[in-house]
Each structure stands twice: as structure tokens, then as C-alpha cells.
Amino acid sequence: MSESDLPGGGVDLAHMPGHWVLARLGKRVLRPGGIKMTRQLLEALQTGPADDVVEFAPGMGATARMTLSTQPASYTAVERDEAAGRQVQRYLHGANQRCIVGTAEATGLESACASVVYGEAMLTMQTKEQKRRIVAEAARLLKSGGRYGMHEICLVPDDISAEDVAGISKDLAQAIQAGARPLRPAEWRELVEAHGMEVVQEQTRAFALLQPVRVVQDEGVLGALRFGLNVLRDRPARQRVLAMRRAIGRHARHLMAYMLVAVKR
Ligand SMILES: C[S@@+](CC[C@H](N)C(=O)[O-])C[C@H]1O[C@@H](n2cnc3c(N)ncnc32)[C@H](O)[C@@H]1O
């Protein structure tokens, strides 16, 4: 893959968002609960030939491919990063599959155009107001009875102190070089319910994105080997990966992967 094909271009490595550092090293699954939680999410969303699907922030397109294999009537991705958008585009065929480069806060798509809207590892990084706008946009795009899914990071336990929350966000943001504002499960639920949707399923799983066993599960043996070799070869990138792993590890007892599925009333 050439430099212009890689997301995160134009930013020096020390300040590049962590997900693009990982993508450049060959990682394709960039979400906290890994491929297993993605499968749980897709199983709950039940996409199929009758569905018009909108995916927010597909990144390198790993989930896009899984969704496309269910042959939805249409698939529209909305991705902010142009190079990532080009990667996703490679998996798309025909007039009913497209990737728009834009923001999930204001997609420009028609109201009630979708029966399924989902996004993974994209809300956690947003501010409170951006989270609200993105969930409002998902609700606007959905038809009545449509399904909404998210796969994000949550904070545990529910009574975690405000001081701990602030410390975790600051530490993670520093390591990831991107916003890191996870919510408690009750807060994720409230955000969705405030936009006329009823939560029908929630799951949690360890946030183990950079643990070797999880990397093998997510990327397969060959993908994990390629990633491991790239990490070994590239010292500056390795330092970024290790800093992210340490930051996640420091707060492991307060961080979990979280998925939620809701139905629009
Ligand atoms: C951590 S990556 C996750 C990528 C992919 N969903 C995955 O789970 O592997 C975050 C993604 O969110 C995208 N993103 C962030 N904010 C966005 C927004 N407001 N609208 C569209 N995409 C956004 C980034 O460009 C990036 O592709």
C-alpha cells in the first residue's frame, strides 16, 4: 500500500491518532471488543437483503465486508478520512453500495432512508455535543422500527468517581492522540433513549485491543504475525503502540468494550 493509500497521512507519527498508527502497521480491526463483539453486534442487527444499511466511520472496512456478505439492498458508509474512504470503496460494487467522505454528524442523506445504522469505535472519541449530534443523525436516518447499533468503550463500575473518569480520559487521550471520552453504560443508554430509540440488547467484553491473544483472534495468525513484525521493525511506531497498551492496561479495571442495539420507535 502506498503512502497516499494510508489513512492519517500528513500528520507526524508522534501526533497521529492511535487507530491510524495501528492501521499503518497492518491492523484492520480497530475497535475495543474485537471481531467477536462485532459478530455479536451484527447478529443482533440481523442485516439482510431487505435492509438499507448505513455504517458510520467504517475505517479500513473490516465490518463493511461482513455486512456486505449479508447482501443488503443498499450499503452506504460515511467516513471522515479520505484515504480510509478509498480503502472501503475497494469492497463496494454497483450503484447501491457507496462510501461518502463526510461526517456522521451531518451525512446529507435523506431522512428515514435506512433500516439499519451502526458505527464502531467512533463515538467514544467525540465530545458530548458531537456524540449527541451523531446519535440524532442516526435516529433521523432510521425508519420507524429500524435498528441502531454501537460498539464503543464503557466505564465501570457505574459509581466510578468523576475524578477517575477525568483522569482516565486525559491519560487515554494522551496515549491515543485523539479524544477518549467513554461513558458509563447508563449514559450510553440515556443518549440513545433521548433520541426516540428503545435499547433491546447490551453486552460488555474485555477491552483487550492490543493483547496478543486478541490480536490473533482479530487479525488471524498471518495478520497478527505481519502486525507483530511491523511493530518490531518500526521503533517510533512501537513506542506509540506500547504507550497505548500501557495506558489501556493502567485503567483496565475501569474500561470495557460495550455494544448496544436499539430499535427506533
Ligand atoms: C478507531 S477508528 C474505527 C474504525 C472502524 N469502525 C473499526 O472499528 O475498525 C475511528 C474511525 O472513525 C472515523 N471518524 C471519526 N469521527 C468521524 C465522524 N464524525 N464521521 C465519520 N467518521 C468519523 C475515523 O476516520 C476512523 O475511521
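Predicted model only: the values in this text are computed from it and were never measured.

What counts and what doesn't
- Residues numbered from 1 in each chain as written.
- Predicted model: local features only at pLDDT ≥ 70, side-chain atom pairs only at ≥ 80, totals over all residues.
- Heavy atoms only, no water.
- Near = heavy atom within 4 Å.
- Polar contact = N/O pair within 3.5 Å; in protein donor to acceptor, adjacent residues only side chain to side chain.
- Areas by Shrake-Rupley, 256 points an atom, 1.4 Å probe, with all protein chains shown as cover.
- Helix = DSSP H or I, 4+ residues; strand = E, 2+ residues; numbered from the N terminus.
- Nonpolar A, V, L, I, M, F, W, Y, C, P; charged D, E, K, R; others polar.
- Core = buried A, V, L, I, M, F, W, Y, C linked by side-chain atoms within 4.5 Å.
- Buried < 20%, exposed > 50% of the residue type's maximum accessible area, 1.4 Å probe, protein only.
- Contact = heavy atoms within 4.5 Å.
- Pairing = 2+ DSSP bridges.
- Axes fitted to C-alpha atoms, helices over the stretch in contact; angles between N-to-C directions.
- Salt bridge = Lys/Arg side-chain N within 4 Å of Asp/Glu carboxyl O.
- Patch = residues over 30% accessible without salt bridge, like charges linked within 9 Å, V, L, I, M, F, W, Y side chains within 5 Å.

S.K.: Provide a residue-level description of the site of the ligand, including the pertinent values.
M.R.: Surveying the vicinity of the ligand reveals 20 residues, the closest of which are R31, A57, E79, A104 and E120. Here an oxygen atom of the ligand sits 2.9 Å away from a polar atom, N or O, in the side chain of R31. R80 is positioned such that a nitrogen or oxygen atom in its backbone is 3.3 Å from a nitrogen atom of the ligand. Here the ligand loses 97% of its free accessible area of 590 Å² to cover by the protein chains. For the shell around the ligand, the elements supplying multiple residues, two or more each, are helix 1 (18–24) and strand 2 (74–79). Partitioned by chemical class, the residues of the shell around the ligand number nine nonpolar, five polar and six charged.

S.K.: I'd like to hear about the nonpolar core, residue by residue, with values.
M.R.: Of all hydrophobic cores here, the largest spans 32 residues; its most connected members are L22 and L172. Counting residues per element, the ones that place at least two in this core are helix 1, strand 5 (142–155), helix 6 (162–176), helix 8 (212–233) and helix 9 (235–250). Contact partners of L172, with chain neighbours within four places excluded, come to Q177, A180, A247, I248 and L255. Core analysis: the next-biggest nonpolar cluster, separate from the first, contains 28 residues, F56, Y148, L191 and V199 among them.

S.K.: Can you explain the sheet that holds strand 4 (residues 114–120)? Please cite residues and give values.
M.R.: Ordered by their spatial adjacency, seven strands build an open sheet running 3-2-1-4-5-7-6, and the pairing between neighbours is mixed. Two strands bound the open sheet, and with one partner strand each, they are strand 3 (97–101) and strand 6 (197–206). Sheet twist, expressed as the mean angle between neighbouring strand axes with direction ignored, is 15 degrees. Note: strand 1 (residues 52–56) against strand 4, four bridges, orientation parallel. Looking at the pairing, V53 lines up with V116 of strand 4.

S.K.: Which residues make up the pattern of salt bridges, and what values do they have?
M.R.: Tallied over the entire structure, the rule returns 12 salt bridges. With a closest N to O distance of 3.9 Å, R86 and E82 form a salt bridge. Taken together, the positions of R86 and E82, both in helix 4 (residues 82–89) and four residues apart, correspond to about one turn of that helix. By relative accessible area, which is 40% here, R86 ends up partly exposed. For E82, a relative accessible area of 52% gives the class exposed. Beyond isolated ion pairs, a larger network of salt bridges with shared partners links E105, E129, R132 and R133.

S.K.: So what's going on with a nonpolar patch on the surface? Which residues, and what values?
M.R.: On the surface, a nonpolar cluster with roughly 400 Å² of combined accessible area is contributed by V216, V221, L222 and L225. Classification of V216 as partly exposed rests on a relative accessible area of 39%.

S.K.: Now, about the environment of G48: what can you tell me, with residues and values included?
M.R.: Relative to the helices and strands, G48 is located in the loop between helix 2 (34–45) and strand 1. Judged by its relative accessible area of 10%, G48 is buried. Taking C-alpha positions, G48 is 7.6 Å from A73, a pair spaced 25 residues apart along the chain. In contact with G48, other than residues within four places in its own chain, are T70, Q71, P72 and A73.

This is a description of form; function is not addressed.
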